[in-house]
Every structure is written in C-alpha cells, then in structure tokens.
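A look at the structure
Single-letter residue listing:
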Amino acid sequence: MEKITTEKQYHNQIGKDEFTILKFYTNWCPDCKNLDRFIGDVVIENSDKEWLEIDAEQLQHIAEENDVRGIPSLLAFKNGQKVGHLHSKFAKTPDQIREFLSTLS
C-alpha cells in the first residue's frame with residue numbers, strides 16, 4: 001500500500017471518482033501488525049478500489065477530522081466524501097473487512 005504523507009496527497013486521493021480505502025495505523029500498534037498479515041489478500045480481491053495507508057500519529061489532524069478513535073481503522077472515500085468507516089474493534093479479521101467492503105456502493 002502506498003503511504004499518504006501530506007495533507008495535499010490525502011485530499012488528492014480522496015477526491016477521486018472511485019472508492020479509496022485508507023488504512024489508519026501506527027507503528028507501535030499490535031492490531032495493525034496483525035491486520036498487515038492478511039490485508040494483502042483482501043486488497044487483491046478488491047483491486048477495483050485504491051488502497052492507501054496513513055500514519056494516524058504523523059497526520060493526526062486528518063485522523064481527528066475523520067473521527068478515527070482507534071487503530072487500525074479503514075475508511076472509504078469517494079468524490080471527497082467519507083462513505084464508510086470500519087472502526088478498529090470490527091477490523092480484526094478478513095471476513096469483517098470483506099463484509100464492510102460489500103456495503104460500499
């Protein structure tokens with residue numbers, strides 16, 4: 001996954017007319033490391049979406065404006081609007097993530 005490192009890059013990515021999935025994480029988060037073990041297969045299965053990651057501490061103001069209260073969290077954007085938010089406690093298994101992605105339309 002490509003990493004978002006600037007606010008400009010973030011706005012450019014979420015403004016697209018396709019689903020963009022942002023994974024909010026931190027380097028010290030054990031659940032984030034667990035998610036990384038299986039997220040690759042889910043990304044491949046959902047290659048019609050753009051997948052990116054953002055360090056919630058590095059760009060904390062973006063995490064706060066999107067109500068990211070726990071990590072990892074997956075947020076879905078389309079045309080500059082947040083259209084889905086999978087909170088950390090529901091992002092622990094591939095099936096939970098697949099179910100979340102199936103709700104996007």
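The coordinates are above.
Thresholds, definitions, all that
- Residues numbered from 1 in each chain as written.
- Predicted model: local features only at pLDDT ≥ 70, side-chain atom pairs only at ≥ 80, totals over all residues.
- Heavy atoms only, no water.
- Helix = DSSP H or I, 4+ residues; strand = E, 2+ residues; numbered from the N terminus.
- Phe/Tyr/Trp six-rings, centres within 6.5 Å; stacked < 30°, edge-to-face > 60°.
- Buried < 20%, exposed > 50% of the residue type's maximum accessible area, 1.4 Å probe, protein only.
- Lys NZ or Arg CZ within 6 Å of the ring centre and 35° of its normal.
- Arc of directions from axis to C-beta.
- Contact = heavy atoms within 4.5 Å.
- Salt bridge = Lys/Arg side-chain N within 4 Å of Asp/Glu carboxyl O.

As a rule of thumb, non-glycine residues mostly have phi less than zero, and peptide bonds are mostly trans rather than cis. Pro 72 follows Ile 71 through a cis peptide bond whose omega is -5 degrees. Secondary-structure assignment places Pro 72 in the loop between α3 (60–65) and β4 (73–78). Even without glycine at this site, Asn 79 takes up a positive phi of about 55 degrees. Among the secondary structure elements, Asn 79 is positioned in the loop between β4 and β5 (81–86).

Turning our attention to the packing of aromatic side chains. Under the defined criterion, the tally for this structure stands at one aromatic pair. Geometrically, the ring pair formed by Tyr 10 and Phe 77 is edge-to-face, given 6.0 Å between the ring centres and 90 degrees between the ring planes. One end of the pair, Tyr 10, is in helix α1 (residues 7–14); the other, Phe 77, is in strand β4, with 67 residues separating them in the sequence. Relative accessible area serves as the criterion here: at 2%, Tyr 10 is assigned to the buried category. You can call Phe 77 buried: its relative accessible area is 1%. The ring of Tyr 25 carries Lys 23 above its face, with NZ or CZ at 5.2 Å from the centroid. Positioned above the aromatic ring of Phe 19, the side-chain terminus of Lys 78 is 4.8 Å from the ring centre.

Right, let's talk about helix α4 (residues 94–102) for a bit. Buried within α4 are the following residues: Ile 97, Phe 100 and Leu 101. Seen end-on, α4 carries its buried residues on one side only, within an arc spanning 95 degrees. Every exposed residue of α4 that faces more than 90 degrees away from the buried side is listed here: Asp 95, Glu 99 and Ser 102. Looking at the buried residues of α4, the elements they touch are β2 (20–25), α2 (30–45), β3 (50–55), β4 and β5.

Attention now moves to the pattern of salt bridges. Within the structure shown, the criterion is met by eight salt bridges. As a salt-bridge pair, Asp 48 and Lys 49 come within 3.3 Å of each other at their nearest N and O atoms. Taking relative accessible area as the criterion, Lys 49 reaches 11% and is therefore assigned buried. Between Arg 98 and Asp 95 there is a salt bridge whose closest N-O contact spans 3.3 Å. With Arg 98 and Asp 95 both in helix α4, this residue pair falls three residues apart, about one helical turn. Since its relative accessible area comes to 29%, Arg 98 is described here as partly exposed. Classification of Asp 95 by relative accessible area gives exposed; the value is 57%. A network of salt bridges, in which partner residues are shared, links Lys 23, Asp 36 and Glu 53.

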